[in-house]
Amino acid sequence: MAMRSARFQGLVLSLLILSSGFADFSYGLSLTVSDTECVYEYVAYDGDAVSGNFVVVDHDIFWGSDHPGIDFTVTSPGGNTVLSMTGKSGDKFEFKAPRAGMYKFCFHNKYGAPETISFYIHVGHIPNEHNLAKDEHLDPINVKIAQLREALESVTSEQKYLKAREARHRHTNESTRRRVTFYTLTEYLALVAASCLQVIYIRRLFSKNVGYNRV
Amino acid sequence: MAIPSLALLSALVVLCLLTSPVRCLRFDLQSGQIKCISEEIKINAMTVGKYSIANPSESVPLPESHRVSIKVTSPYGESMHSAENVDSGSFAFVTKEAGDYLACFWTPEHKPAATISFEFEWKSGVTAKDWSNVAKKGQVELMEVELKKLEDVVKSIHDEMFYLRSREEEMQDMNRSTNTRMAWFGFLSLILCLSVAGLQIWHLKTFFERKKLL
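Residues numbered from 1 in each chain as written. Chains lettered and ligands numbered in written order. Predicted model: local features only at pLDDT ≥ 70, side-chain atom pairs only at ≥ 80, totals over all residues. Heavy atoms only, no water.

1. A look at unusual backbone geometry
Moving on, step 1. A positive phi angle is found at Asn44(B), which is not glycine, with a value near 55°.
Moving on, step 2. The residue Asn44(B) is located in the loop between β2 (34-41) and β3 (46-53) in this model. (Helix = DSSP H or I, 4+ residues; strand = E, 2+ residues; numbered from the N terminus.)

See the structure below:
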């Protein structure tokens, strides 16, 4: 009787430990970067898997070409650079945090035009076998639930990435459509204006004040 | 024998829960600067946000002047939440329109230019659901709550797939219409060129015939 209640209490406790370890840090936000913008995220345990993605959604570029890209760096709490990407218009990233602490995710815009960046960062923690060994009441099913949760988070993260890329693609398409329409109509106007100018010039050459017998 | 170790374990768990990790994103704000964060939220979604001034060093207490002002606006410009010179706060609302919701933070000017760190947490949709009520509603086992959470996540993934599919279809329609439009423009430009040339020739012919040169 005492054994059964102890086991039940152990199960409840293990679930409590697990729910505290269900790191749920995940965000899908957009930020406008003119020069450098940094975001800080706290990683609670050593060896946590930090994953995420970012996509540059272009501002209205009417005349110029596509933006050359954004530099992305991740700095650990000790000051070392964990990850560094240059000239990217969007990418996924994943790394295992070597130590716990405050990690810095920085976006740097080399060129003056402000860009909007959609980013998503997720810190995932799965209680591993080390914790299992410490407490014999920790049911392996809770580890499986944590793994399942992490797998679902990766699907959600991929969806957010696809959504941001689709938004960028749509932006580019709309800008292309507007630009082509504008350029075509301008071309028509230029053609009609050039031919009118031609006719007016030729008429002037033959007008009475000029003296057409000179031609 | 089992009971004392269980008491120790429970104390450890309580300690873990009390010092539970900070679940927020932290941003830096220069004094006098505005920082805006936007999120695209669907219609009729519950959204919850929490913000507070963060202390980067544990030992030094924060000066009183470290305050932040916030304004949350809907895609149509309606202000959903605003606060002036507070050091923490929260907001929650159900969205009436789909689109980009903007949360803008700014600080008043500080005489020696200071950088304020603030923490901001913004959850919407399935992640904003408050699970503590569901758990309290009876002897619901914790594992069942976790599995219910997973079921909600799966449902939201399913809905998101439908949304992505419909957006892709819209974009395909737009591309097809652009393609048709370009074909018409090419044809039209050829007709325009020919007609302008024809008009020129006809006009100059009648002009010269009137001037009795031809």
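2. Comments concerning the packing of helix α3 (residues 140-205) of chain A against helix α3 (residues 142-210) of chain B
Moving on, step 1. Interhelical geometry of α3(A) versus α3(B) gives an angle of 10° and a closest axis separation of 9 Å. The angle between the axes of α3(A) and α3(B) places the two elements in the roughly parallel class.
Moving on, step 2. Among the residues forming the contact of α3(A) with α3(B), the class breakdown is 33 nonpolar, 15 polar and 15 charged. (Axes fitted to C-alpha atoms, helices over the stretch in contact; angles between N-to-C directions. Parallel < 35°, antiparallel > 145°, perpendicular 65-115°, else oblique. Nonpolar A, V, L, I, M, F, W, Y, C, P; charged D, E, K, R; others polar.)

3. Regarding the pairing of β3(B)
All names here are of chain B.
Moving on, step 1. Side-chain alternation along β3 places Thr-47, Gly-49, Tyr-51 and Ile-53 on a buried face and Met-46, Val-48, Lys-50 and Ser-52 on a face that remains uncovered.
Moving on, step 2. In this structure, β3 lies alongside strand β8 (residues 115-124), joined through seven bridges in antiparallel fashion. Across the sheet, the residue bridging to Val-48 is Lys-123, located in β8. (Buried < 20%, exposed > 50% of the residue type's maximum accessible area, 1.4 Å probe, protein only. Pairing = 2+ DSSP bridges.)

4. A short note on the environment of Phe107(A)
All names here are of chain A.
Moving on, step 1. Considering the arrangement of structural elements, one finds Phe-107 in strand β7 (residues 101-109).
Moving on, step 2. The exposure class assigned to Phe-107 is buried, which follows from its relative accessible area of 2%.
Moving on, step 3. For the pair Phe-107 and Arg-178, spaced 71 residues apart in the sequence, the C-alpha separation amounts to 30 Å.
Moving on, step 4. If sequence neighbours within four positions are ignored, Phe-107 has contacts with Val-33, Asp-35, Thr-36, Glu-37, Phe-54, Ile-70, Asp-71, Phe-72, Ile-117 and Phe-119. (Contact = heavy atoms within 4.5 Å.)

5. Structural notes on the packing of aromatic side chains
Moving on, step 1. This model, assessed by the stated rule, comprises 22 aromatic pairs over all chains.
Moving on, step 2. Aromatic pair Phe95(A) and Phe105(A): ring centres 6.5 Å apart, planes at 40°, arrangement tilted. Of the two residues, Phe95(A) is situated in strand β6 (residues 90-96) and Phe105(A) in strand β7; the sequence distance between them amounts to 10 residues.
Moving on, step 3. For Phe95(A), a relative accessible area of 10% translates into the label buried.
Moving on, step 4. Of the residues examined, Phe105(A) reaches a relative accessible area of 1% and is grouped as buried.
Moving on, step 5. It is Lys42(B) that lies over the ring of Tyr163(B); its NZ or CZ is 4.8 Å from the centre. (Phe/Tyr/Trp six-rings, centres within 6.5 Å; stacked < 30°, edge-to-face > 60°. Lys NZ or Arg CZ within 6 Å of the ring centre and 35° of its normal.)

6. Let's talk about the pattern of salt bridges
Moving on, step 1. Throughout the structure, instances matching the rule amount to 17 salt bridges over all chains.
Moving on, step 2. Measuring nitrogen to oxygen at the nearest pair gives 3.3 Å for the salt bridge that ties Lys88(A) to Asp91(A).
Moving on, step 3. Where Glu160(B) meets Lys42(B), a salt bridge forms, and the shortest distance between an N and an O atom there is 2.9 Å. With Glu160(B) in helix α3 and Lys42(B) in the loop between β2 and β3, this pair connects stretches of sequence that are 118 residues apart.
Moving on, step 4. When salt bridges that share partners are traced, they join Glu166(A), Arg170(A), Arg167(B) and Glu170(B) into one network. (Salt bridge = Lys/Arg side-chain N within 4 Å of Asp/Glu carboxyl O.)

7. Points about the pairing of strand β5 (residues 79-86) of chain B
Look at any regular strand and the pattern is simple: side chains alternate between the two faces of the sheet.
Residues and elements named next belong to chain B.
Moving on, step 1. Taken together, the five bridges between strand β4 (residues 68-73) and β5 define a ladder with antiparallel strand orientation. Looking at β5, one finds that Lys-71 is bridged to Ser-82.
Moving on, step 2. Between β4 and β5, which pair antiparallel one after the other, the connecting turn spans five residues, and Gly-77 there sits at a positive phi close to 95°.

8. Quick look at the state of the cysteines
Moving on, step 1. In this structure the tally under the stated criterion is two disulfides over all chains.
Moving on, step 2. Each disulfide pairs two cysteine sulfurs, and for Cys38(A) the partner residue is Cys106(A), the sulfurs being separated by 1.9 Å. Between Cys38(A) and Cys106(A), the S-S torsion sits near 100°, and that sign places the bridge as right-handed. One end of the pair, Cys38(A), is in strand β2 (residues 36-43); the other, Cys106(A), is in strand β7, and 68 residues separate them in sequence. Both residues of the pair, Cys38(A) and Cys106(A), belong to the buried class.
Moving on, step 3. Between the sulfur atoms of Cys36(B) and its disulfide partner Cys104(B) the distance amounts to 1.9 Å. Around the S-S axis, the bridge from Cys36(B) to Cys104(B) shows a dihedral of about 105° and counts as right-handed. (Disulfide = S-S within 2.5 Å.)

9. What to know about the environment of Tyr76(B)
All names here are of chain B.
Moving on, step 1. Checked against the element boundaries, Tyr-76 lands in the loop between β4 and β5.
Moving on, step 2. Here Tyr-76 falls in the exposed class, since its relative accessible area comes to 65%.
Moving on, step 3. Distance from Tyr-76 to Tyr-101, taken between C-alpha atoms, is 9.0 Å for residues 25 residues apart in sequence.

10. A word on the environment of Lys104(A)
All names here are of chain A.
Moving on, step 1. Its location among the elements puts Lys-104 in strand β7.
Moving on, step 2. According to the relative accessible area criterion, Lys-104 is partly exposed, its value standing at 29%.
Moving on, step 3. Distance from Lys-104 to Pro-77, taken between C-alpha atoms, is 7.6 Å for residues 27 residues apart in sequence.
Moving on, step 4. Once you skip the residues sitting within four places of it in the chain, Lys-104 turns out to touch Cys-38, Val-39, Tyr-40, Thr-73, Val-74 and Thr-75.

11. Remarks on the sheet that holds strand β4 (residues 70-75) of chain A
Moving on, step 1. Read from one edge of the open sheet, eight strands run β5(A)-β4(A)-β7(A)-β2(A)-β1(B)-β8(B)-β3(B)-β6(B), paired in antiparallel fashion. A single partner strand is all that each edge strand has here, and the edge strands are β5 (81-88) of chain A together with β6 (88-94) of chain B. On average, each strand axis in the sheet is tilted by 20° relative to the strand beside it, whichever way the strands run.
Moving on, step 2. Bridge count for β2(A) against β7(A) is eight bridges, and the pairing is antiparallel. Each bridged residue has a counterpart across the sheet, and for Val39(A) the counterpart in β7(A) is Phe105(A).

12. Let's talk about the side chain of Glu166(A)
Moving on, step 1. With respect to the helices, strands and loops of the structure, Glu166(A) is situated in helix α3.
Moving on, step 2. A polar atom in the side chain of Glu166(A) sits 3.2 Å from the side chain of Arg167(B).
Moving on, step 3. The residues contacting Glu166(A), other than those within four sequence positions of it, are Arg167(B), Glu168(B) and Met171(B). (Polar contact = N/O pair within 3.5 Å; in protein donor to acceptor, adjacent residues only side chain to side chain.)

Any functional reading would require information beyond the geometric quantities listed.
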